[in-house]
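Per-entry structural report
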Amino acid sequence: MSSLGFALTIPARHGRAFEVSAGSTLTIIDVEGEQVADMSALVRADFTEFLSPRHTRLALGRLTLRVGDELQTNRRRPHLRLLDDSVGVHDILLGCCDRYRYELDFHVQGHRNCMDNLTEALAPYGVEPWRVPENINIFMNTIIEPDGRVHVERPVSRAGDHVTFECLIDSVIAISACPQDLNPCNGFRPTDLHVRVAPRA
Ligand SMILES: [Zn+2]
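This section reports on the structure supplied with the text.

Conventions used here
Residues numbered from 1 in each chain as written. Predicted model: local features only at pLDDT ≥ 70, side-chain atom pairs only at ≥ 80, totals over all residues. Heavy atoms only, no water. Phe/Tyr/Trp six-rings, centres within 6.5 Å; stacked < 30°, edge-to-face > 60°. Helix = DSSP H or I, 4+ residues; strand = E, 2+ residues; numbered from the N terminus. Buried < 20%, exposed > 50% of the residue type's maximum accessible area, 1.4 Å probe, protein only. Donors = N, O, S within 2.8 Å, 3.2 Å for Na, K, Ca; no water. Pairing = 2+ DSSP bridges. Salt bridge = Lys/Arg side-chain N within 4 Å of Asp/Glu carboxyl O.

**Focus on the packing of aromatic side chains**
With the rule as written, the count across this model stands at 2 aromatic pairs. Taken together, a centroid distance of 5.8 Å and an interplanar angle of 80° make the contact between F6 and F18 edge-to-face. Of this pair, F6 sits in strand 1 (residues 6–10) while F18 is found in strand 2 (residues 15–20), placing the two residues 12 residues apart along the sequence. In this structure F6 comes out as buried when scored by relative accessible area, which is 13%. Note on F18: relative accessible area 0%, which makes it buried. Aromatic side chains Y102 and F106 sit 5.9 Å apart centroid to centroid with 35° between the ring planes, which places their arrangement in the tilted category. Residue class for Y102 comes out buried when judged on its relative accessible area of 0%.

**Observations concerning the coordination of the zinc ion**
Metal coordination angles have textbook ideals: 109.5 degrees for a tetrahedral set of four donors and 90 or 180 degrees for an octahedral set of six. Within the first shell, the zinc ion binds the protein through C97 (SG), C114 (SG) and C178 (SG), at distances of 2.2 to 2.3 Å. Mapped onto the sequence, the donors of the zinc ion take the spacing C-x16-C-x63-C. Taken together, the residues span a long stretch of sequence, with C97 in the loop between strand 6 (78–85) and helix 2 (99–105) and C178 in the loop between strand 11 (171–177) and strand 12 (193–199) at a distance of 81 residues. Here C97 matches C178 in class, with each residue buried.

**Quick look at the pairing of strand 12**
In this structure, strand 1 lies alongside strand 12, joined through 5 bridges in antiparallel fashion. Bridging across to strand 12, I10 finds its partner in L193.

**Description of the pattern of salt bridges**
On inspection of all chains with the given rule, the structure shows 15 salt bridges. For E49, the salt bridge goes to R77, with nearest N and O atoms at 2.8 Å. Pair noted here: E49 is in the loop between strand 4 (37–43) and helix 1 (53–60) and R77 is in the loop between strand 5 (70–72) and strand 6, with a separation of 28 residues, a long-range link. Two residues, E70 and R81, come together in a salt bridge whose shortest N-O distance is 2.7 Å. Placement of E70 in strand 5 and of R81 in strand 6 is noted, with a sequence separation of 11 residues between them. On the basis of relative accessibility, which here comes to 30%, the residue E70 falls in the partly exposed class. A cluster of three or more residues bridged by salt bridges with shared partners is formed by D46, E49, R75 and R77.

Here is the structure:
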């Protein structure tokens, strides 16, 4: 897919991957509200370098994102810069749901999940399942209590809310519209996401 500029819909409960060139902007839109976008990003020229939440947390010195933040790769290079954010509540801590979470914690077999969505989306790029990098969770409302406990509440994002990143390195981006409908993560109602990629003006 061309990285000159395009838009796509990520259907509810599914994932997509696409290329974004350095200098382009990546906008993720919560179409109906309360929908989390699980996002992994890999450096296009070398998939052993990728967006790393743990390196990013150390670089930022906090567990939350603010406009102007530079998210880092596992080689501590700036990868994505947060340019615009109509929500201000995202998660860079908890990773994504997977089949084992649904089996062990919810006693459901075969539930769609973000790990499989990201894995399937990245397979055409030759990314093996065990190499799918840890993700961040756009629009996810993780509450961090003063005593260190964490829990996930309904997103505060509403229809049309968005975030925009500038991509600083040519990348392959994978996004899952989180299928979690058994806890408040997506307001119990998974819905579509919309993505726009544009050359930065
Ligand atoms: Zn999920």
